[in-house]
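Chain residues, written in single-letter form:
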Amino acid sequence: STDLTSTVGYDSIIQHLNDGRKNCKEFEDFLKERAIIEEKYGKELINLSKKKPCGQTELNTLKRSLDVFKQQIDNVGQSHIQLAQTLREEAKKMEDFREKQKLHRKKIDLIMEVSHKNRNLQYKTTEVKQMCCCFVPYWLMLLIHMHVAGADLNLFLKLAQTKSALEDSDRSYQQSVTTLEKIREEWQKEHIKACEFFETQECERINYFRNALWLHVNQLSQDCVRNDEKYEEIRKSLEMCSIEKDIDFFVNLRKTGSSAPAPVVYENYYNTQRNPTPVRSPVPAAISR
């Protein structure tokens, strides 16, 4: 701004830097919340694999596949818990980065605060003395008028003293202007240095934030790859599962013998002798007809 006492540009930069820190804090909180979710999910998977029955009476190859399945689900749960810890570590790194930038910025803020204060105080002092010096022409004109009119000598001396005081004030005003200009130059140098420092910080923040996002996505991808490797173990185990072998295994395990029961034969347990069945004689053909 062309206004020497204005801080609108500096305030705009500070606001932008504060917004940047806020954005980093939001991502940091996001990682912490994601870590809580991952840890809870992992623990639930582990409890599920250990406590929930899942084909516990199966036999042979399918049983082995189910054992692999439950073990790998447990491993997936452990992987999510490990991911939660990794996310907490990344959130801590982001927090450390924010605090480090905040600490470095605080030093610059203090320097600029002193610079702004000195500049404004000196500007106000110069402003007051400038107003006093504006009265010099008026007093000189009054002095000449009274001299021409033959004014009282004491009054004349007082006016002369006033004139001298105003001249002293003018010299003081010139010194104040000179001092203000030096302070203005120093403030401008500090302002430029502060802007360059803030720009460097903002570049570091954007770069760090971008890399943190990239790393986070890579961690999630790696977790998916690790989980898929565990699921692949389950698929391999299922490929080894043989229906025929499991059927044979069950038959051999539960078989009761190698021969079927003998045919059941009727035996007469009630009467040892029976009346013979009467035989009918042939009927004559005539009677038959």
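What you see as residue numbers is a count from 1 along each chain, following the sequence as written. Two thresholds apply to this predicted model, a pLDDT of at least 70 for residue-level local features and 80 or more for giving and counting side-chain atom pairs, whereas whole-chain, interface and lining totals are computed over all residues. Side-chain metrics rest on all non-hydrogen atoms present in the structure, leaving aside hydrogens and water.

1. A word on the overall build of the chain
A count of helical and extended segments in the chain gives 6 helices and 0 strands. Burial classes: relative accessible area under 20% of the type maximum marks a residue as buried, over 50% as exposed, and values in between as partly exposed (1.4 Å probe, protein chains only). Out of the 289 residues in the chain, the part that is buried amounts to 26%. Each helix corresponds to a stretch of at least 4 residues labelled H or I by DSSP, and each strand to a stretch of at least 2 residues labelled E; elements are numbered beginning at the N terminus.

2. Re the pattern of salt bridges
Throughout this description, the term salt bridge denotes a Lys or Arg side-chain nitrogen within 4 Å of a carboxyl oxygen of Asp or Glu. Overall, the coordinates contain 15 salt bridges when judged by the stated rule. One salt bridge connects aspartate 29 with lysine 25, and the closest N-O pair in it is separated by 2.9 Å. Placement of the pair is aspartate 29 and lysine 25 together in helix α1 (residues 8–51), with a separation of 4 residues, close to one helical turn. For aspartate 29, a relative accessible area of 30% gives the class partly exposed. Where aspartate 67 meets lysine 63, a salt bridge forms, and the shortest distance between an N and an O atom there is 3.5 Å. One end of the pair is aspartate 67 and the other is lysine 63, both in helix α2 (residues 60–133) and 4 residues apart, which spans about a single turn. Where salt bridges share partners, they join Glu28, Lys32 and Arg98 into one cluster.

3. Some words on the nonpolar core
Nonpolar side chains tend to gather and get buried jointly when the protein is soluble and globular. Put simply, a nonpolar core is a bunch of buried Ala, Val, Leu, Ile, Met, Phe, Trp, Tyr and Cys residues held in one set by side-chain atoms that sit within 4.5 Å of each other. In terms of nonpolar packing, the biggest core is built from 11 residues, these being Cys24, Phe27, Leu31, Ala35, Leu83, Ala84, Leu87, Ala91, Met94, Phe209 and Ala212. If you list the elements that add at least two residues to this core, you get α1, α2 and α4 (153–239). Looking at which element gives the most residues to this core, the answer is α2, with 5 residues. By the convention used here, residues are in contact when the closest approach between their heavy atoms is within 4.5 Å. Apart from the residues lying within four places of it in its own chain, the contact partners of phenylalanine 209 are Asn23, Cys24, Phe27 and Met94. In this structure, Ile108, Met112, Trp187 and Phe198 belong to the second largest nonpolar core, which totals 8 residues.

4. Considerations on the side chain of serine 79
Here serine 79 shows up in helix α2. Setting aside anything within four residues of it in sequence, one finds serine 79 in contact with Asp223, Arg226, Asn227 and Lys230.

5. Quick look at the packing of aromatic side chains
A pair of Phe, Tyr and Trp rings is counted when the ring centres sit within 6.5 Å of each other, with Trp represented by its six-membered ring. The angle between the planes then sorts it: under 30 degrees is stacked, over 60 is edge-to-face, the rest tilted. Tallying each qualifying case throughout the model produces 5 aromatic pairs. Plain terms: the ring middles of phenylalanine 27 and phenylalanine 209 are 5.3 Å apart, the flat faces sit at 45 degrees to each other, and that makes the pair tilted. Highlighted residues: phenylalanine 27 in helix α1 and phenylalanine 209 in helix α4, separated in sequence by 182 residues. Each member of the pair phenylalanine 27 and phenylalanine 209 is classed as buried. Judged by centre distance (4.1 Å) and plane angle (0 degrees), the rings of phenylalanine 97 and tyrosine 208 are stacked. Of this pair, phenylalanine 97 sits in helix α2 while tyrosine 208 sits in helix α4; the two residues are 111 residues apart in sequence, bridging distant segments of the chain.

6. Section: unusual backbone geometry
With a phi close to 60 degrees, asparagine 60 is a non-glycine residue in the positive phi region. Summarising the element assignment, asparagine 60 is placed in helix α2. We classify asparagine 60 as buried; its relative accessible area is 16%.

7. What about the confidence of the model for the chain?
Known as pLDDT, the predictor's confidence for each residue is given on a scale from 0 to 100. When pLDDT is averaged along the chain, the result is 81, and 79% of the positions lie at 70 or above. When mean pLDDT is compared element by element in the chain, α1 scores highest at 92, while helix α6 (residues 285–288) scores lowest at 44. Note on residues 285–289: pLDDT under 50 across the span, and 1 contact to partners over four residues away in sequence or across chains.

8. Section: the environment of leucine 83
Locating leucine 83 in the fold gives a position in helix α2. Among the residues examined, leucine 83 registers a relative accessible area of 3% and is labelled buried. Taking the C-alpha atoms as reference, leucine 83 lies 7.9 Å from glutamate 39; in sequence the two are 44 residues apart. Non-local contacts of leucine 83, meaning those with residues more than four positions away in its chain, are made with Glu38, Gln219, Leu220 and Asp223.

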